[in-house]
Amino acid sequence: MIRSFLPSLRRARLQVPAPVMLLIGMFTLHTGSALAVTAFAQASPATITWLRLTWAALLLTALGGRSLWRAVREATWRQRASVVILGTASAGMMMFYSEATARIELGTATAIEFLGTLVVAVAAMRRRRELVWIAAAVAGVLCLTRPWEGELDLLGVGFALAGAVCVVFYIVLTQKVGAGFGAVHGLALTMAVGSLVTAPFGAPGAFAEPDPGLILFTLLIALLFPMVPFLLEMVALQRMTRTAYSTFSSMEPGVALVMGLVVIGQAPAPLQIVGMALVVVAGIGATRGERSGRPAVPERVRERRRAVPGEDSGPTVEPERDVAPGPVAPAGPGEGPENTPTAAAPGRAA
């Protein structure tokens, strides 16, 4: 059944436009995030996060089947190290985000974490005037948190900022892992590493007072976030141009605000709406100078990956294992510092 599912997944991903996959991923992600907030009354954010990661790892490992282990054996040490770092970054991103949303609003936590995405985008452009978008985003975050009112939860903001740091590593390494292993295999390995990393923090709470209802509920949440959105994002990142991917990703803080309102009733104040608009505009503005029409994962890199039976079919070519999307592509005709492609499509998956 699993072996027959992978070809169906491949056909589906070719039929569904990449922007649609990205939008579906955003809404499922923040629906899952909002539902996770409701579970914090029964268990700690660390326990909920560990259960979600563990469910995702188990499901994706089963989905990958035997070809997953073949891909691991054939991978280089550099590719395996990238998976470990990406899994650790993803675990930190989810753990810190959960801790933040337990203390501050969903939209505010997402906007703060989005600063990591924005910093990567602006840094890749290498133009000082692009710092205006960082300033706009910071102003937006200030409007969202309203520190002058004296009700700011500094610990929650600190967790969100820590998540923003993890986002930087997530953005850079998602390309490499997706190109080296494929979406399903790369995500299965990433989630497995994330489960192991978060186990010391979340597993004790799950085993101390096991709650079958909560465990099943975290299975539902794991499907909504991280399994489905991470998988869709990894696939979309390989098919969209950097500019398109970055622009769509800039909408995410707004999506989080909407889902926080719809699912758990976190109604924003007027000033917070203004702040969210500033963050979204900053994200879109930071992508305007990136004019590369190339996909986030170059086609030549994907063709060099050996086609794994049961996953992506393509040219069976001896892979150049050490070739992965580099930080900056060499400048070609008309590609100077003003329009050099970015290191990775800004995106997060909290």
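All of these numbers come straight from a predicted model, not from anything done at the bench.

A. Structural context of the overall build of the chain. Scanning the chain from terminus to terminus reveals 13 helices and 0 strands. For the chain, the succession of helices and strands along the chain, N to C, is α-α-α-α-α-α-α-α-α-α-α-α-α. Buried positions account for 54% of the 350 residues belonging to the chain. For the chain, the proportion of contacts with a sequence separation of at least 24, taken over those separated by at least 6, is 86%. On the chain, roughly 14700 Å² of surface is accessible, and the fraction owed to carbon and sulfur atoms is 68%.

B. Expanded view of unusual backbone geometry. Residue proline 226 is bonded to the preceding phenylalanine 225 through a cis peptide linkage, with omega at 25 degrees. Of note, proline 226 is situated in helix 9 (residues 212-237). In this model, arginine 146 sits at a positive phi of 45 degrees, which is unusual for a non-glycine residue. Within the element layout of this structure, arginine 146 appears in the loop between helix 6 (131-145) and helix 7 (154-181). Taking relative accessible area as the criterion, arginine 146 reaches 18% and is therefore assigned buried.

C. Representation of helix 7. With 28 residues, helix 7 should reach 40 Å at 1.5 Å per residue; the first-to-last C-alpha distance of 39 Å fits that figure. The largest bend along helix 7 reaches roughly 35 degrees and is located at leucine 173. The N-cap residue of helix 7 is aspartate 153: its side-chain oxygen and the backbone nitrogen of leucine 155 are 3.1 Å apart.

D. View of the confidence of the model for the chain. Considering every residue of the chain, the mean pLDDT works out to 79; 77% of them sit at 70 or more. No element of the chain has a lower mean pLDDT than helix 13 (residues 299-304), which averages 40, and none a higher one than helix 4 (residues 77-101), which averages 95. Low pLDDT (under 50) marks residues 298-347, which in the prediction has 109 contacts with non-local residues, meaning those over four places away or in another chain.

E. Expanded view of the packing of aromatic side chains. Per the counting criterion, the structure on display carries 4 aromatic pairs. Note on phenylalanine 96 and phenylalanine 159: the rings are 6.2 Å apart at their centroids and 25 degrees apart in plane angle, and the pair reads as stacked. Pair noted here: phenylalanine 96 is in helix 4 and phenylalanine 159 is in helix 7, with a separation of 63 residues, a long-range link. One aromatic cluster is present, formed by Tyr170, Phe225 and Phe230 through successive ring pairs. Over the ring of tryptophan 77 we find arginine 80, and its NZ or CZ is 4.7 Å from the ring centre.

F. Here's a closer look at the packing of helix 4 against helix 9. One way to put it is that helix 4 packs onto helix 9 with a least axis distance of 13 Å and a crossing angle of 130 degrees. One finds that helix 4 runs oblique with respect to helix 9. Crossing hand, helix 4 versus helix 9: right-handed. Contact with helix 4, carried on its side by Ser90, Met93 and Met94, involves Phe225, Pro226 and Phe230 of helix 9 and no other residues of that element. Each residue belonging to the contact of helix 4 with helix 9 can be placed in one class, and the counts come to 5 nonpolar, 1 polar and no charged.

G. Spotlight on the packing of helix 2 (residues 18-39) against helix 11 (residues 252-264). Interaxial distance between helix 2 and helix 11 falls to 9 Å at its minimum, and their mutual angle equals 45 degrees. Between helix 2 and helix 11, the interaxial angle falls into the category oblique. Considering only the axes of helix 2 and helix 11, their crossing is right-handed. On the side of helix 2, the interface is formed by Met26, Phe27, Leu29, His30, Thr31, Ala34, Leu35, Val37 and Thr38, while helix 11 contributes Glu252, Val255, Ala256, Met259, Val263 and Ile264.

H. A nonpolar patch on the surface, seen in detail. On the surface, a cluster of nonpolar side chains totalling about 440 Å² of accessible area is made up of Val138, Leu142, Trp148, Leu271 and Val274. Looking at the nonpolar patch, the elements with two or more residues in it are helix 6 and helix 12 (270-287). One can find valine 138 in helix 6.

I. Local environment of the pattern of salt bridges. Applying the stated criterion across every chain yields a total of 2 salt bridges. Close ionic contact of glutamate 99 with arginine 103 constitutes a salt bridge, the shortest N to O distance being 2.8 Å. We classify arginine 103 as partly exposed; its relative accessible area is 33%. The closest approach of N and O atoms between arginine 146 and glutamate 149, which form a salt bridge, is 3.9 Å.

J. Broad picture of helix 8 (residues 183-208). With 26 residues, helix 8 extends 35 Å between its outermost C-alpha atoms, agreeing within 8% with the 38 Å of an ideal straight helix rising 1.5 Å per residue. Helix geometry: helix 8 is bent most strongly at alanine 199, by close to 70 degrees, with proline proline 200 lying one to four residues after it.

K. Layout of the nonpolar core. If you look at the biggest cluster of nonpolar residues, it comprises 46 residues, and the most contacted ones within it are Leu60, Phe181, Met191 and Phe230. Mapped by element, the contributors of at least two residues to this core are helix 2, helix 3 (45-74), helix 4, helix 7, helix 8, helix 9 and helix 11. Element by element, the count of residues in this core is highest for helix 9, at 9 residues.

About the cut-offs
- Residues numbered from 1 in each chain as written.
- Predicted model: local features only at pLDDT ≥ 70, side-chain atom pairs only at ≥ 80, totals over all residues.
- Heavy atoms only, no water.
- Helix = DSSP H or I, 4+ residues; strand = E, 2+ residues; numbered from the N terminus.
- Buried < 20%, exposed > 50% of the residue type's maximum accessible area, 1.4 Å probe, protein only.
- Contact = heavy atoms within 4.5 Å.
- Areas by Shrake-Rupley, 256 points an atom, 1.4 Å probe, with all protein chains shown as cover.
- Expected span 1.5 Å × (residues − 1).
- Bend = angle between axes of the 7 residues up to and from the residue.
- Polar contact = N/O pair within 3.5 Å; in protein donor to acceptor, adjacent residues only side chain to side chain.
- pLDDT = per-residue confidence, 0-100.
- Phe/Tyr/Trp six-rings, centres within 6.5 Å; stacked < 30°, edge-to-face > 60°.
- Lys NZ or Arg CZ within 6 Å of the ring centre and 35° of its normal.
- Axes fitted to C-alpha atoms, helices over the stretch in contact; angles between N-to-C directions.
- Parallel < 35°, antiparallel > 145°, perpendicular 65-115°, else oblique.
- Left-handed = near helix turned anticlockwise from the far one by under 90°.
- Nonpolar A, V, L, I, M, F, W, Y, C, P; charged D, E, K, R; others polar.
- Patch = residues over 30% accessible without salt bridge, like charges linked within 9 Å, V, L, I, M, F, W, Y side chains within 5 Å.
- Salt bridge = Lys/Arg side-chain N within 4 Å of Asp/Glu carboxyl O.
- Core = buried A, V, L, I, M, F, W, Y, C linked by side-chain atoms within 4.5 Å.

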